[in-house]
Amino acid sequence: MKKSALITGILGQDGPYLAKFLLEKDYKIYGLLRRYSNPSFVNPEYLGIQDQIEYVDGDLTDESSLINVIKSIRPDEVYNLAAQSFVGASWQQAKLTTEVNAVGVLSLLNAVKFFSPTSKFYQASTSEMFGLSNSDGFQDENTPFHPRSPYGISKVYAYWMTVNFRESYNMFTCNGILFNHESPLRGIQFVTRKITDGVAQIKLGLADHIILGNLEPKRDWGFAGDYVEAMYLMLQQDEPDDFVIATGETHSVSEFVEAAFAAVGISNWKQYIKIDPRYKRPAEVPHLRGRVDKARKKLGWKPKVAFEELVKIMVEADIARYTIKKSFG
Ligand code: NAP
Ligand code: GDD
């Protein structure tokens, strides 16, 4: 019998990478689809897996749709990747962010508990939960949470609910506390993709500057394709647990900008950057850097793609996109 997995957030960045990874392990993949009038399948198409996913209808804010899905497929594994994931928007849409990222997770956990209690459950937790904690050192599984945004707060609720279902009902539920991870499938509003897209346009003569909010925050940036393997590994352990997944390196936004311009041979990058306070956040997370010892030891996981390589992959992918667009007029 093939193993089956339900992936929520299937059309985002991580969903397609995880689906591809599990398809290579011969899983049957169900993807939760919430947009009907105009869904965008570009990300699964980019990875060449669009025809191998069975889409099922549902939305994290609609509990009955989640019950129907879980009841009808009873998957071996549930990966909850769906979220209003853009930190910047979470101040403007704090209630929606809470309904999807916090209450939605409770609804999904309940659906699993009542209709498929042996399904293993992965929750996409985040380094944003650490926020201001240890902002001059490393963060790990023992670091207290100090979230700085409605997004971070919603994810803290979902984290504890995931732990609580494990402790209260003996369910196999895990939190992956993932630090920032990027790829050519990253949404265009996130800073890395905004930069690599801008650099590609500048290199091809389609733009002459990039507008950013703040060059100082530091992030621990890894490659999404590496991180989905850690999600899978967590659900293959004998006991459920929570793990930090990161590279252990941190870089500022300006270092990312510099590396992206260097990838196309431009060294005088400062002249192409404009700062607009519109993109500054009301409360910033200044410094994230994960300590990944537990995952290395227990999961045998480590990142494969290093920072400069990641930046180069993303810049080249954006140049290729514009080059294809141009050649079709
Ligand atoms: P993403 O690209 O923004 O994808 C999120 C997906 O969630 C989208 O496909 C979106 O669907 C779906 N979604 C949003 N609201 C929904 C709802 N009400 N019901 C069902 N689906 C809904 O995010 P990602 O980068 O792949 O991240 C995956 C998960 O990991 C998220 O939970 C994120 O918060 C978390 N995380 C990400 C990172 C990172 O660095 N990428 C780090 C730590 C944690 P549509 O396509 O229809 O809009
Ligand atoms: N988006 C954006 N746009 N960010 C900017 C800009 C800008 O113009 N200028 C500076 N930044 C800074 C942000 O203030 C933040 O400090 C940093 O760049 C990274 O921003 P994002 O790429 O939007 O990601 P994030 O770190 O806020 O959140 C991402 O990572 C989290 C894990 O730590 C998202 O993927 C979250 O869903 C995820 O949980």
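Here is a short report on the structure shown in this document. (Residues numbered from 1 in each chain as written. Chains lettered and ligands numbered in written order. Predicted model: local features only at pLDDT ≥ 70, side-chain atom pairs only at ≥ 80, totals over all residues. Heavy atoms only, no water.)

**A few points about the site of ligand 2**
Heads up, the condition is: Consider each residue's heavy atoms; a residue with any of them within 4 Å of a molecule or strand counts as near. As used in this structure description, the phrase polar contact means that two N or O atoms lie within 3.5 Å; if the pair is within protein, one of them must be able to donate a hydrogen and the other to accept it, and residues adjacent in sequence are counted only when both atoms belong to side chains. To measure how exposed things are, a 1.4 Å probe is used in the Shrake-Rupley method; for residues, cover is taken only from the protein chains shown. The secondary structure listing takes helices from DSSP runs of H or I that are at least 4 residues long and strands from runs of E that are at least 2 residues long, numbered from the N terminus. Polar here means any residue other than Ala, Val, Leu, Ile, Met, Phe, Trp, Tyr, Cys and Pro, which are nonpolar, and Asp, Glu, Lys and Arg, which are charged; Gly is therefore polar. Segment limits for the domains were obtained from an automatic or database-derived domain assignment.
Surrounding ligand 2, one finds 24 residues, the nearest of these being Thr 126, Ser 127, Tyr 151, Arg 281 and Glu 284. Between ligand 2 and Thr 126, the relevant distance is 2.6 Å, taken from an oxygen atom to a side-chain nitrogen or oxygen of the residue. Here a nitrogen atom of ligand 2 sits 2.9 Å away from a polar atom, N or O, in the main chain of Gln 189. Within the complex, 96% of the 710 Å² of free accessible area of ligand 2 lies under protein. Within the residue set of the shell around ligand 2, elements represented by two or more residues are α6 (191-203) and β8 (210-212). Taken together, the residues of the shell around ligand 2 sort by class into 11 nonpolar, seven polar and six charged. Each of two domains, domain 1 (4-181 + 221-245) and domain 2 (187-219 + 250-287 + 306-327), supplies a minimum of three residues to the shell around ligand 2.

**What to know about the packing of helix α4 (residues 94-115) against helix α5 (residues 150-169)**
Under the convention used in this document: Axes here refer to lines fitted to C-alpha atoms; in helices the fit is confined to the stretch in contact. Angles between the N-to-C directions go from 0 to 180 degrees. Each angle is binned into one of four classes, with values under 35 degrees roughly parallel, values over 145 roughly antiparallel, values of 65 to 115 roughly perpendicular, and all other values oblique. Handedness of each helix crossing follows the sense of rotation of the near helix against the far helix: counterclockwise by less than a right angle gives left-handed, clockwise gives right-handed. Only heavy atoms matter for contacts: two residues are in contact if any of them lie within 4.5 Å across the pair.
Contact pair α4 / α5: the axes reach a minimum separation of 8 Å and the direction vectors enclose 15°. The orientation of α4 with respect to α5, classified from their angle, is roughly parallel. By crossing handedness, the relation of α4 to α5 is classed as right-handed. Packed against α4, whose contacting residues are Ala 94, Thr 97, Thr 98, Asn 101, Ala 102, Val 103, Val 105, Leu 106, Leu 109, Asn 110 and Lys 113, the element α5 presents Pro 150, Tyr 151, Ser 154, Lys 155, Tyr 157, Ala 158, Met 161, Thr 162, Phe 165 and Tyr 169 at the interface. In terms of residue class, the contact of α4 with α5 is built from 13 nonpolar, six polar and two charged.

**Observations concerning the packing of aromatic side chains**
Heads up, the rule is: Think of it this way: a Phe, Tyr or Trp ring, Trp meaning its six-membered ring, pairs with another when their centres are within 6.5 Å, and the plane angle makes it stacked under 30 degrees, edge-to-face over 60, tilted otherwise. Burial classes: relative accessible area under 20% of the type maximum marks a residue as buried, over 50% as exposed, and values in between as partly exposed (1.4 Å probe, protein chains only). By the criterion adopted, a ring carries a charge over it if an Arg CZ or a Lys NZ lies within 6 Å of its centre and within 35 degrees of its normal.
Scanning the entire structure with this criterion turns up 17 aromatic pairs. The interplanar angle of 70° and the centroid separation of 5.0 Å between the aromatic rings of Phe 165 and Tyr 169 together place this pair among those described as edge-to-face. Of this pair, Phe 165 and Tyr 169 both sit in helix α5, four residues apart, roughly one helical turn. Consider the rings of Trp 221 and Phe 307, whose centres lie 6.3 Å apart with planes at 25°: the pair is stacked. Placement of the pair is Trp 221 in the loop between β9 (218-219) and β10 (222-223) and Phe 307 in helix α10 (residues 307-327), with a sequence separation of 86 residues. As far as the burial class goes, Trp 221 and Phe 307 line up, both buried. One cation-aromatic arrangement involves Lys 120 over Phe 172; the distance from NZ or CZ to the ring centre is 4.5 Å. Positioned above the aromatic ring of Tyr 279 is the side chain of Lys 194, whose terminal nitrogen or guanidinium carbon lies 3.4 Å from the ring centre.

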